[in-house]
Amino acid sequence: MKIVVQRAKNAQVRVNDETVGQISHGLMLLVGITHNDTLKDLEYGAKKVANLRIFEDADGKMNLSVKDVGGHILSISQFTLYGETKKGNRPSFIEAARPETAKGLYDQFNEILREVHGLKVETGVFGAMMDVRFTNDGPVTLLVES
């Protein structure tokens, strides 16, 4: 599992010119699932995202989590995180999980964020062409891998 975590002032995802998910403050996630990910990977990724201390405290230090600041999450499925580019110029996506497997794991990951960590999570539409817009706050961008 790979998760690109971006601190966001706002974020929105649109499908067919319709907004399907948006947040005003929190984290923008790009979530990639590989074929050998398990519940343990999902739990690890969700716990890490929920508890990353990447928001500033009163002293201006990154010391607060998305939960601490009352932020929300916009989670976008992103199989291209498993694009292999070492050989040739056309990426290979052989390490990305098949859609029928990835969708269930992606949905379960988002439910763990909601149910276990108490976060409000908005999503895009799995497998759809999406327009994602956000303002990266900082900018702060991290990669979480299980």
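Residues numbered from 1 in each chain as written. Predicted model: local features only at pLDDT ≥ 70, side-chain atom pairs only at ≥ 80, totals over all residues. Heavy atoms only, no water.

Participant: For this particular structure, what's the right way to read the packing of helix α1 (residues 39–51) against helix α2 (residues 99–115)?
Facilitator: Two quantities define a packed helix pair, namely the angle between the axes and the distance from one axis to the other. For the pair α1 and α2, the least separation of the axes is 9 Å and the interaxial angle reads 40 degrees. By the criterion of interaxial angle, the relationship of α1 to α2 is oblique. The element α1 and its partner α2 pack so that their crossing is right-handed. Between α1 and α2, the residues in contact are Leu39, Leu42, Glu43, Gly45, Ala46 and Val49 and Leu105, Gln108, Phe109, Ile112 and Leu113, respectively. When grouped by side-chain class, the residues that make up the contact of α1 with α2 number 8 nonpolar, 2 polar and 1 charged. (Axes fitted to C-alpha atoms, helices over the stretch in contact; angles between N-to-C directions. Helix = DSSP H or I, 4+ residues; strand = E, 2+ residues; numbered from the N terminus. Parallel < 35°, antiparallel > 145°, perpendicular 65-115°, else oblique. Left-handed = near helix turned anticlockwise from the far one by under 90°. Contact = heavy atoms within 4.5 Å. Nonpolar A, V, L, I, M, F, W, Y, C, P; charged D, E, K, R; others polar.)

Participant: Could you clarify how one ought to interpret the pairing of strand β2 (residues 18–23) in this entry?
Facilitator: On a regular strand, one side chain projects to one face of the sheet and the next to the other, so that they alternate. When strand β1 (residues 2–15) meets β2, the two strands line up antiparallel, connected through 5 bridges. Within the sheet, the bridge partner assigned to Val13 lies in β2 and is Gly21. Taking the residues between adjacent antiparallel strands as the criterion, β1 and β2 are bridged by 2 residues, where Asn16 takes a positive phi near 50 degrees. (Pairing = 2+ DSSP bridges.)

Participant: Can you help me understand the packing of aromatic side chains in this one?
Facilitator: Two aromatic rings, taken as a pair, are described by how far apart their centres are and by the angle between their planes. Under the defined criterion, the tally for this structure stands at 2 aromatic pairs. Ring plane angle 70 degrees and centroid distance 5.0 Å describe the contact between Phe79 and Phe93, whose orientation is recorded as edge-to-face. Taken together, the residues span a long stretch of sequence, with Phe79 in the loop between β6 (72–77) and α2 and Phe93 in the loop between β6 and α2 at a distance of 14 residues. On the accessibility criterion, Phe79 (48% relative accessible area) is partly exposed. The ring of Tyr82 carries the charged tip of Lys2 above its face, separated from the ring centre by 4.7 Å. (Phe/Tyr/Trp six-rings, centres within 6.5 Å; stacked < 30°, edge-to-face > 60°. Buried < 20%, exposed > 50% of the residue type's maximum accessible area, 1.4 Å probe, protein only. Lys NZ or Arg CZ within 6 Å of the ring centre and 35° of its normal.)

Participant: Can you help me understand the nonpolar core in this one?
Facilitator: Generally speaking, a soluble globular protein has its nonpolar side chains buried in company with each other. Counting residues in hydrophobic clusters, the biggest one holds 27 residues, and the most contacted among them are Ile3, Val5, Leu27, Leu29, Phe109 and Leu113. At 6 residues, α2 tops the list of elements feeding residues into this core. Those residues in contact with Ile3 that sit more than four places away from it in its chain are Leu29, Leu30, Val31, Gly45, Val49, Phe109, Leu142, Leu143 and Val144. Counting residues in hydrophobic clusters, the runner-up holds 11 residues, among them Val4, Ala8, Val15 and Met28. (Core = buried A, V, L, I, M, F, W, Y, C linked by side-chain atoms within 4.5 Å.)

Participant: Is there a simple way to explain the pattern of salt bridges in this structure?
Facilitator: Note on pairing: side chains with opposite charge can pair once their charged atoms come close. In total, this model carries 5 salt bridges according to the counting rule given. Arg98 is the partner of Glu100 in a salt bridge, and the nearest nitrogen-oxygen pair spans 3.7 Å. Taking the shortest distance from any N to any O, the salt bridge between Asp107 and Lys103 comes out at 2.7 Å. Highlighted residues: Asp107 and Lys103, both in helix α2, separated by 4 residues, approximately one helical turn. Relative accessible area serves as the criterion here: at 38%, Lys103 is assigned to the partly exposed category. (Salt bridge = Lys/Arg side-chain N within 4 Å of Asp/Glu carboxyl O.)

Participant: What is the right way to look at α2 in this model?
Facilitator: Each turn of an α-helix holds 3.6 residues, which means side chains three or four residues apart point in the same direction. Here α2 contains 17 residues, and its C-alpha end-to-end distance of 24 Å stays within 8% of the 24 Å for a straight helix at 1.5 Å per residue. Looking at the packing, one finds that the buried side of α2 touches β1, β3 (26–32), α1, β6 and β7 (121–123). (Expected span 1.5 Å × (residues − 1).)

Participant: Can you help me understand unusual backbone geometry in this one?
Facilitator: What you tend to see is this: most non-glycine residues have negative phi, and most peptide bonds are trans. Each neighbour pair has its own omega, and for Gly138 with Pro139 the value is 0 degrees, a cis peptide bond. Relative to the assigned elements, Pro139 resides in strand β8 (residues 131–145). We note that Asn16 has phi near 50 degrees; this positive angle belongs to a residue other than glycine. Here Asn16 is to be found in the loop between β1 and β2. A relative accessible area of 73% means that Asn16 is categorised as exposed. Positive phi outside glycine occurs at Asp17, with the angle close to 65 degrees. For Asp17, the location among the structural elements is in the loop between β1 and β2. Under the relative-accessibility criterion, Asp17 is labelled exposed at 64%.

Functional significance is not addressed by these values, which are geometric in nature.
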